[in-house]
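Results of the structural survey
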Amino acid sequence: SEVPSVSRTCFMWGSPVTKDTPGLRDVTATVCSQDAMDQLRIADNVVTEVMLNRNLVHSLSQVPVVLFPAAFGVQGNRSIALRPFLTRDFMTGKPAVPGVELPFDALEEMIAGIKKTKGISRIVYDLTSKPPGTTEWE
């Protein structure tokens, strides 16, 4: 991690991002507004529908869908994190491995649906185990 106080390892869809990427540090002010909650509800619904249609709701312990304020160079946009997680006790756990516990085609369907959400710049997949990360994002 390039940010010592952040204990997350994520894969991000889209063009490569480096420390020199324009707009990398752009942050969109995000509060519990109608707009922000609508973005999150739409993304969460996409993930839930894919999980239900593909009978994944019992094989994944939890799949938080997180809206975060990174614009990645698109003024006013936000991003979405997916955290498919496997655990027995929520004290420890691991991310669902794409292509193993979460089929690639199901993940691709989630990404395609979320990309249609207005105002979303990037989608990331959280690959952090617990520990060091937490189950959800705080």
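This text follows the structure it describes.
Residues numbered from 1 in each chain as written. Predicted model: local features only at pLDDT ≥ 70, side-chain atom pairs only at ≥ 80, totals over all residues. Heavy atoms only, no water.

**A closer look at the packing of helix 1 (residues 34-53) against helix 2 (residues 104-115)**
What describes two packed helices is the angle between their axes and the distance between those same axes. Quick reminder of the rule: Note on geometry: axes are lines fitted to C-alpha atoms, helical ones only across the stretch in contact, with angles between N-to-C directions running from 0 to 180 degrees. The numbering of helices and of strands both runs from the N terminus, where a helix is a DSSP run of H or I of at least 4 residues and a strand a run of E of at least 2. Oblique is the label for any angle not covered by the other classes, which are roughly parallel (under 35 degrees), roughly antiparallel (over 145) and roughly perpendicular (65 to 115). By definition, turning the near helix anticlockwise from the far helix through less than a right angle yields a left-handed crossing, and turning it clockwise yields a right-handed one. Here a residue-residue contact requires only that any non-hydrogen atoms of the pair lie within 4.5 Å.
At a minimum axis separation of 9 Å, helix 1 and helix 2 run at an interaxial angle of 155°. Of the possible angle classes, the one that applies to helix 1 and helix 2 is roughly antiparallel. Considering how the two elements wind past one another, helix 1 and helix 2 form a crossing that is right-handed. Packed against helix 1, whose contacting residues are A43, V46, V47, V50 and M51, the element helix 2 presents A106, E109, M110, G113 and I114 at the interface.

**Quick notes on helix 2**
Two residues of an α-helix separated by three or four positions point the same way, owing to the 3.6 residues in each turn. Going by this rule: By this rule, a helix spans an expected 1.5 Å times one less than how many residues it contains. Here the term buried applies to any residue with accessible area under 20% of the maximum for its type, exposed to any over 50%, and partly exposed to those in between, with areas from a 1.4 Å probe on protein chains only. Directions drawn from the helix axis to the C-beta atoms are what define this arc.
Helix length check: helix 2, at 12 residues, gives a terminal C-alpha distance of 16 Å against a target of 16 Å (1.5 Å per residue), a fit within 8%. Within the sequence span of helix 2, burial applies to A106, L107, M110, I111, G113 and I114. Considered in projection along helix 2, the buried side chains sweep an arc of 165° and stay on one side of the axis. Opposite the buried face of helix 2, by more than 90 degrees, sit the exposed residues F104, E108 and K115. Where the residues of helix 2 are buried, they touch helix 1, strand 3 (78-82) and strand 6 (120-126).

**Notes on unusual backbone geometry**
The peptide bond linking K130 to P131 adopts the cis configuration, its omega dihedral lying at -10°. With respect to the secondary-structure elements, P131 resides in the segment after strand 6. At the junction of P131 and P132, the peptide bond is cis and its omega measures out at 15° in the coordinates. Within the secondary structure, P132 sits in the segment after strand 6. Non-glycine residue N55 carries a positive phi angle of around 55°. Summarising the element assignment, N55 is placed in the loop between helix 1 and strand 2 (65-68). Positioned with a positive phi, F90 is a non-glycine residue whose angle comes to about 65°. Checked against the element boundaries, F90 lands in the loop between strand 4 (85-86) and strand 5 (94-95). Overall, the relative accessible area of 35% leaves F90 in the partly exposed class.

**Section: the environment of D126**
Here D126 lies in strand 6. Residue class for D126 comes out buried when judged on its relative accessible area of 0%. Considered as a pair, D126 and V63 are 63 residues apart in the sequence and their alpha carbons are 10 Å apart. With residues near it in sequence (within four places) discarded, D126 still touches R8, T9, C10, L82, R83, P95 and W137.

**Concerning the packing of aromatic side chains**
The cut-off we apply is this: Between the rings of Phe, Tyr and Trp (Trp by its six-membered ring), a pair exists once the centres lie within 6.5 Å; its type follows the angle of the planes, with under 30 degrees stacked, over 60 edge-to-face, and the other angles tilted.
Counted under the stated rule, the structure contains three aromatic pairs. With a centroid separation of 5.0 Å and 90° between ring planes, the pair formed by F11 and W13 is classed as edge-to-face. Residue class for F11 comes out partly exposed when judged on its relative accessible area of 44%. Connected via pairs of aromatic rings, a cluster forms that spans F11, W13 and Y125.

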